[in-house]
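# Coordinate analysis (summary)
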Amino acid sequence: MPSLRKRAPRRSPAADPQDAAAAELVAVALLARRDFASGELSSKLRERGFDPAVVQDLIERLRARRLLNDERYAGHFVQYHSTRGQGPVRIRRDLEAVGVDSALIDAALESVADWAALARDVRRRRFGPKAPQVWREKGRQARFLQYRGFSNDHIRTALGPDFEMDS
């Protein structure tokens, strides 16, 4: 059954890889839709066929004009994903994947006041208010929290003081 939703036409690669004006138009159009990390935007522009030297120069100019800000991106990313119930380990991995500097990641992760309380809340929303009593259920809930990106200390706090993780 064909999709009822129209798709945007695929854009062809840049006609001239050295065209800085065309690269800037594409970059600003991308940034108009959502915020990007510098590395993420750089790779998108290179995928579209722009020369890496042109892309690097453009990234620096966008930073100078404050249209591109990795610190702002990391802060928004952490805020959004923590409210969705994701923990610091997963958020750090995702930010590193798009090329955000580790110092900026650390600063953004510190903006969340209490990761252990968030882990307790995520566990409570998913499994109910009653703490697990059976080890099998504790293991299942611990794996869920670990998948969500919480550390062993946060998981131990969420599941109760007598819980010890093996890994």
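Note that the structure is predicted; figures quoted are calculated from it, not measured. (Residues numbered from 1 in each chain as written. Predicted model: local features only at pLDDT ≥ 70, side-chain atom pairs only at ≥ 80, totals over all residues. Heavy atoms only, no water.)

## Points about the packing of helix H1 (residues 20-33) against helix H2 (residues 38-47)
In the contact formed by H1 and H2, the axes pass within 11 Å of each other and the chain directions differ by 130 degrees. The orientation of H1 relative to H2 falls into the category oblique. The interaxial crossing formed by H1 with H2 has right-handed handedness. In contact with Ala23, Val26, Ala27, Leu30 and Leu31 of H1, H2 contributes Leu41, Lys44 and Leu45. (Axes fitted to C-alpha atoms, helices over the stretch in contact; angles between N-to-C directions. Helix = DSSP H or I, 4+ residues; strand = E, 2+ residues; numbered from the N terminus. Parallel < 35°, antiparallel > 145°, perpendicular 65-115°, else oblique. Left-handed = near helix turned anticlockwise from the far one by under 90°. Contact = heavy atoms within 4.5 Å.)

## Some remarks on the side chain of Asp70
Residue placement: Asp70 occurs in helix H4 (residues 70-83). Residues within four places of Asp70 in sequence aside, it is in contact with Phe36, Ala37, Ser38, Arg63 and Leu104.

## A word on the nonpolar core
Generally speaking, nonpolar side chains in soluble globular proteins are found buried as a group. If you look at the biggest cluster of nonpolar residues, it comprises 25 residues, and the most contacted ones within it are Val78, Leu95, Val100, Trp115 and Phe150. For this core, the secondary structure elements donating two or more residues are H4, helix H5 (88-97), helix H6 (102-109), helix H7 (115-127), helix H8 (135-148) and helix H9 (152-159). The biggest single contributor to this core is H7, with 5 residues. One finds Ala23, Val54, Leu58 and Leu68 within the second-largest nonpolar core, a separate group that totals 15 residues. (Core = buried A, V, L, I, M, F, W, Y, C linked by side-chain atoms within 4.5 Å. Buried < 20%, exposed > 50% of the residue type's maximum accessible area, 1.4 Å probe, protein only.)

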